[in-house]
Amino acid sequence: MKKLYILSLFVSFTVSFAQTNLKKADALFKNFSYLDASKAYEECLQNIKSPSAQTLKNAADSYYFNSDSRNALKWYRKLYEVQGNNLTDIYYLRYIQSMKAVMDYDEADRVTKEYLNKKGDQKEINRYVAQKTQMDSLAKTKSLYQIRNLDINTSKSDFGATYFVDKIVFSSARDTTKFGDKLYTWNNQPFLNLYLADRNPADGSLFNETVFLANVMTKYHEATATFDSSGKTIYYSTNIVKKNKLVVDENKINNFQIIEGRIVDNKLENPQKVFFDSEEYSVGHPSLSDDGQLLFFASDMPNGFGETDLYYVKIAADGTMSSPVNLGPKINTIGNEVFPFFRNGVLYFSSDGHYGWGDLDIYESKMLSDGSFTTPRNLGAPINSNKDDFSFIIDKAGELGYISSNRDGGKGDDDIYAFEKGKPICNQSISGMAVDRKTKLPLEDVVIMAYNSYSEVLGETKTNYEGKYAIEVPCGKVIKMIAAKMNYSSDEKTVETTKVNGGEIKDVNFELSNYDDLVVKKKGVEKVDVKPIYFDYDKYDITPLAIEELTKVVFIMQKFPNIRIKIESHTDSRGKDAYNMVLSDKRAKSTRDYIVSQGIDASRIESAIGYGESRLINKCKNGVKCSEAEHLLNRRSDFIIIQK
């Protein structure tokens with residue numbers, strides 16, 4: 001499919017050589033005869049021990065541009081071995097896409113991370129993480145889509161179905177015209193024309209195909225049409241031609257243009273270029289919004305973000321068009337964004353620059369009231385595959401539609417597939433962040449788990465370097481959220497989702513305590529870090545000040561459910577030894593009873609024993625004069641951790 005989504009026709013001339021050599025291969029490549037060039041490079045590179053980087057690029061590209069990913073990968077890998085981190089962005093992209101196209105996903109992810117680290121663009125890293133997370137989630141979820149290949153497909157390229165009242169118009173290279181002996185040297189197939197087919201609304205099958213608008217047909221490409229709701233206005237892509245000859249620039253490139261016209265009695269009348277057509281760059285893949293007020297298209301015009309970007313123009317009631325608006329970096333990437341389709345406020349498009357399953361994948365993005373778009377979402381399998389998937393359209397009911405793909409198992413180069421879409425499962429997003437309870441700094445790699453009321457896992461994710469997370473959960477449920485990290489306490493929240501599909505519940509935040517911040521360590525013994533537990537004179541009742549400290553003990557035992565402790569209570573040396581022994585024991589058991597009353601299982605407290613004045617930690621024994629502060633050091637309760 002790359003022959004058309006690149007949006008340029010490369011004009012080539014016959015090249016003849018007596019023998020296969022690098023000069024011949026380079027000439028074929030320069031003349032855009034990629035199919036023949038790939039064969040020539042394959043032969044001559046067998047005899048070149050150290051090919052140049054440019055030769056490796058040409059060999060790989062000649063396969064890549066004809067969707068031969070396996071052979072393209074072979075030469076991109078050799079190029080990577082030669083250039084390593086010096087690969088340009090576009091060659092990193094092609095190398096990664098070729099790996100995905102042969103389903104080497106682990107290696108593709110490794111090289112992707114290497115590439116992103118080299119760029120050092122945190123926004124791009126965040127986009128990769130978010131899209132990979134979404135794709136991983138899709139892989140675990142049953143798809144809403146069912147697809148099937150159509151009988152109308154041929155051994156050539158058939159793609160780009162679009163609605164035309166109650167029929168379908170599509171693009172095809174099937175050889176049924178008088179120009180059948182004229183081949184596009186890029187891939188040695190006939191040029192594309194538009195065809196009209198009847199459509200069975202029950203199952204989406206297409207039949208009775210005929211050439212569409214015979215007076216439109218030239219001996220070059222006509223493809224990717226769009227129509228207004230009445231079927232009287234058409235926009236379509238075609239080569240720039242003057243006097244039946246291609247208009248080419250100094251690089252022998254003929255760009256695409258968009259033609260607008262009226263359909264009267266099955267003929268095209270008053271065809272005109274749109275004002276933003278140019279001989280210096282391509283515009284194509286037009287797609288009208290349902291109300292006819294927006295025309296989306298793809299272009300490689302200057303000042304874009306990548307190879308081809310998506311744009312739109314506004315169309316007034318009198319037909320006046322606004323200046324083209326680039327859809328911005330949320331939609332457009334360094335790669336190709338092509339084949340837009342806008343329905344019910346949602347933009348569908350194909351991209352090889354977002355992080356998908358391989359080559360072109362189909363994405364969806366909602367258009368917001370201010371004209372911006374939400375983060376694109378991959379539609380997943382079976383809509384997407386490891387090959388080119390593009391030209392998504394769907395009916396107004398959101399139930400039936402078509403895609404095009406060159407995936408394995410098809411009938412030709414590109415095939416048209418019909419799909420049925422089931423009713424979407426209502427999901428919402430819960431988002432927030434996790435921070436350290438003491439420092440309030442964000443915590444990375446905190447595991448966020450979502451459970452239903454039966455303690456069944458609904459989803460799992462991790463916080464990023466900013467401590468942020470987002471997780472998808474069902475609508476209309478009570479969700480238990482638990483945040484956990486090694487050597488940290490867990491935190492728990494309960495969230496009730498609404499019944500709005502696609503909604504987001506924000507700021508569900510968690511605070512986790514570092515275990516080391518909750519304990520003190522001395523001579524190999526760990527104790528809960530509390531201040532002295534104060535009791536009234538000659539009493540063992542729990543005071544408000546004691547509760548404040550015992551709350552810390554309860555907290556660590558709640559947050560670290562494997563912890564077991566023993567309680568030791570001590571007095572100073574004042575008073576009779578026997579009395580102090582009894583008093584301290586009552587105080588120890590009083591603290592134990594309070595902790596148990598707060599929901600801590602009694603089995604987690606091994607013992608609660610008073611030692612009176614038998615374990616003084618300073619000189620202040622009987623008969624020794626000490627200050628109140630020195631006596632205070634001996635009046636203590638220790639909560640010793642014996643298991644964690």
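Please read these numbers as outputs of a predicted model, since none were measured by experiment.

The subject of this paragraph is helix α7 (residues 105-119). Over its 15 residues, α7 extends 21 Å from the first C-alpha to the last, a length consistent with the 21 Å expected when each residue adds 1.5 Å. All buried positions along α7 are accounted for by A108, D109, V111, T112, Y115 and L116. Once α7 ends, the next one or two residues include G120, with phi positive near 70 degrees.

Another aspect to go through is the packing of helix α4 (residues 53-64) against helix α5 (residues 69-83). Here α4 crosses α5 at 155 degrees, and the two axes come no closer than 8 Å. Our classification of the angle between α4 and α5 gives roughly antiparallel. For the pair α4 and α5, the sense of crossing is left-handed. Touching A53, L56, K57, A59, A60, D61, Y63 and Y64 of α4 are N71, A72, W75, Y76, K78, L79, V82 and Q83, all from α5. When the residues that make up the contact of α4 with α5 are grouped by side-chain class, the tally is eleven nonpolar, two polar and three charged.

With respect to the helices, strands and loops of the structure, K387 is situated in the loop between β22 (377-378) and β23 (389-394). With relative accessibility at 12%, the residue K387 sits in the buried group. At 3.1 Å, the side chain of K387 forms a polar contact with the side chain of D408. Apart from residues lying up to four places away in sequence, K387 is in contact with A101, G358, D359, L360, D361, N406, R407 and D408.

In summary, soluble globular proteins display a tendency toward joint burial of nonpolar side chains. Formed by 39 residues in total, the largest nonpolar core has its most connected members in Y41, W75, Y76, L79, L87, Y95 and M99. Tallying contributions element by element places helix α6 (residues 89-101) first for this core, with seven residues. Beyond its immediate stretch of four places on either side in the chain, W75 contacts E42, L45, L56, A59, A60 and Y63.

We now examine the packing of helix α10 (residues 544-559) against helix α11 (residues 577-597). As a packed pair, α10 and α11 sit with axes 10 Å apart at the nearest point and diverge in direction by 55 degrees. Here α11 runs oblique to α10, going by the angle between their axes. In this structure, α10 meets α11 at a crossing whose hand is right-handed. Residues I547, L550, T551, V553, V554 and M557 of α10 pack against T591, Y594 and I595 of α11. In the contact of α10 with α11, the residues fall into seven nonpolar, two polar and no charged.

Ordered in space as β15-β16-β17-β18, the four strands form an open sheet in which the pairing is antiparallel. Each end of this open sheet is capped by a strand with a single partner; those strands are β15 (283-288) and β18 (325-326). In terms of strand pairing, strand β17 (residues 309-314) meets β18 through two bridges, oriented antiparallel. Residue pairing for β18: Y312 is matched across the bridge by V325.

This model, assessed by the stated rule, comprises two disulfides. Disulfide partner of C426: C475, at an S-S distance of 2.0 Å. In this structure the cystine formed by C426 and C475 twists about its S-S bond by roughly -80 degrees; its chirality is therefore left-handed. With C426 in the loop between β25 (415-421) and β26 (427-436) and C475 in the loop between β29 (468-474) and β30 (478-484), the pair connects residues that are 49 residues apart, well separated along the chain. The disulfide partner of C620 is C626, and the gap between their sulfur atoms is 2.1 Å. One disulfide, between C620 and C626, carries an S-S torsion of -105 degrees and so falls in the left-handed class. A relative accessible area of 0% places C620 in the buried class. For the protein, numbering the cysteines in disulfides from first to last along the sequence yields the connectivity 1-2, 3-4.

Calculation rules
Residues numbered from 1 in each chain as written. Predicted model: local features only at pLDDT ≥ 70, side-chain atom pairs only at ≥ 80, totals over all residues. Heavy atoms only, no water. Helix = DSSP H or I, 4+ residues; strand = E, 2+ residues; numbered from the N terminus. Expected span 1.5 Å × (residues − 1). Buried < 20%, exposed > 50% of the residue type's maximum accessible area, 1.4 Å probe, protein only. Axes fitted to C-alpha atoms, helices over the stretch in contact; angles between N-to-C directions. Parallel < 35°, antiparallel > 145°, perpendicular 65-115°, else oblique. Left-handed = near helix turned anticlockwise from the far one by under 90°. Contact = heavy atoms within 4.5 Å. Nonpolar A, V, L, I, M, F, W, Y, C, P; charged D, E, K, R; others polar. Polar contact = N/O pair within 3.5 Å; in protein donor to acceptor, adjacent residues only side chain to side chain. Core = buried A, V, L, I, M, F, W, Y, C linked by side-chain atoms within 4.5 Å. Pairing = 2+ DSSP bridges. Disulfide = S-S within 2.5 Å.

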